[in-house]
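Chain residues, written in single-letter form:
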Amino acid sequence: MKKLIILTGAGISAESGIKTFRDSDGLWENHNVMDVATPEAWEKNPQLVTDFYNERRIQLSKSKPNRAHLILKELEKKFDVKIITQNVDDLHERANSKNIYHLHGELNKMRSSVDENLIYKTTKLEYSLEDKCEKGSVLRPHIVWFGEAVPMIDTAIDICKEADILVIIGTGLNVYPAAGLVNYIKDNTPIYIIDPAEVNISNMPNITHIKNKATIGCEKLMEILNK
Ligand code: OAD
């Protein structure tokens, strides 16, 4: 089976009702990302950060995978599919995709604020600063914030090196190191981009840009790949 590697970003979840980051004037759900998604924000105002991610979890609980997520699952019938996602939602999981690698963490996990190895699946939508890990420190969202290392990046690089086909869906490719993953594919690997807008990718050979929203774009992708 050919190895089909898929890199997803906020755009694939847009049609499930989750807003992308850069399509809303630099604000993310009415917040400056620096106020809610950095270690400094957590230091300065952990209540605001906790509330922000509580809202994100509530929003996610009301969202469902869309046709694009479901098509990626269907592609497993013919391809060895691995999904590297920058999204912190669980819509790929709920579409039953098998191999999912979260580069930027997961909304449905919390972790100790003193020991990054103590990670817990969430048991509720809303957390407070009273919720502690087994070592007694406050639980923080299991999210890779701006300025933090991306522990999954080496795994993602190894996966990209093996790609027979790379598909990029709904990411502006502006945030590193995720955006640099395309540089690790073998020469001449076909790349399919599904995004209604231009994305930040250097002129590589073999790029096919399907300029549609994810749901329509994934239908077209499936047709192309099934040929
Ligand atoms: P962006 O908001 O930067 O980019 C979203 C992309 O999705 C854009 O290229 C849009 O054109 C495209 N898009 C919008 N609607 C779409 C649709 N219906 N179908 C397909 N594409 C659509 O989001 P990301 O690239 O995912 O990091 O952002 C990368 C990272 O920056 C995020 O993971 C997050 C963020 O700040 C952290 O939280 C650490």
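As a reminder, the structure under discussion sits directly above these lines.
Residues numbered from 1 in each chain as written. Predicted model: local features only at pLDDT ≥ 70, side-chain atom pairs only at ≥ 80, totals over all residues. Heavy atoms only, no water.

J.: Quick rundown of the nonpolar core? Include the residues and the values.
T.: Counting residues in hydrophobic clusters, the biggest one holds 23 residues, and the most contacted among them are Ile5, Ile84, Leu103, Leu166, Ile168 and Leu181. Here this core gets 5 residues from one element, more than from any other, and that element is helix α7 (residues 153-161). Those residues in contact with Ile84 that sit more than four places away from it in its chain are Ile5, Ile6, Leu7, Thr8, Tyr101, Leu103, Ala156, Ile159, Cys160 and Leu181. (Core = buried A, V, L, I, M, F, W, Y, C linked by side-chain atoms within 4.5 Å. Buried < 20%, exposed > 50% of the residue type's maximum accessible area, 1.4 Å probe, protein only. Helix = DSSP H or I, 4+ residues; strand = E, 2+ residues; numbered from the N terminus. Contact = heavy atoms within 4.5 Å.)

J.: Explain the site of the ligand to me, using residue names and the numbers behind them.
T.: Residues in close proximity to the ligand total 22 residues, the closest being Ala10, Arg22, His104, Thr171 and Asp195. Contacts to the ligand include Ala10, whose backbone N or O atom sits 2.8 Å from an oxygen atom. Protein coverage of the free-state accessible area of the ligand, which is 800 Å², stands at 93%. The site holding the ligand turns out to be the largest pocket. (Near = heavy atom within 4 Å. Polar contact = N/O pair within 3.5 Å; in protein donor to acceptor, adjacent residues only side chain to side chain. Areas by Shrake-Rupley, 256 points an atom, 1.4 Å probe, with all protein chains shown as cover. 1 Å grid on protein atoms, 1.4 Å probe; cavity = no way out; pocket = protein on both sides within 12 Å on 5 of 7 lines; lining within 4 Å. Sits in = over half its atoms within 2 Å of the grid points.)

J.: An account of the pattern of salt bridges is needed here, citing residue identities and associated values.
T.: What the rule picks out here adds up to 12 salt bridges. With a shortest N-O distance of 3.1 Å, Glu74 and Arg67 are connected by a salt bridge. For Glu76, the salt bridge is made with Lys73, and the minimal N-O distance between the two is 2.7 Å. Taking relative accessible area as the criterion, Glu76 reaches 13% and is therefore assigned buried. (Salt bridge = Lys/Arg side-chain N within 4 Å of Asp/Glu carboxyl O.)

The values reported here are purely geometric and, on their own, carry no functional implication.
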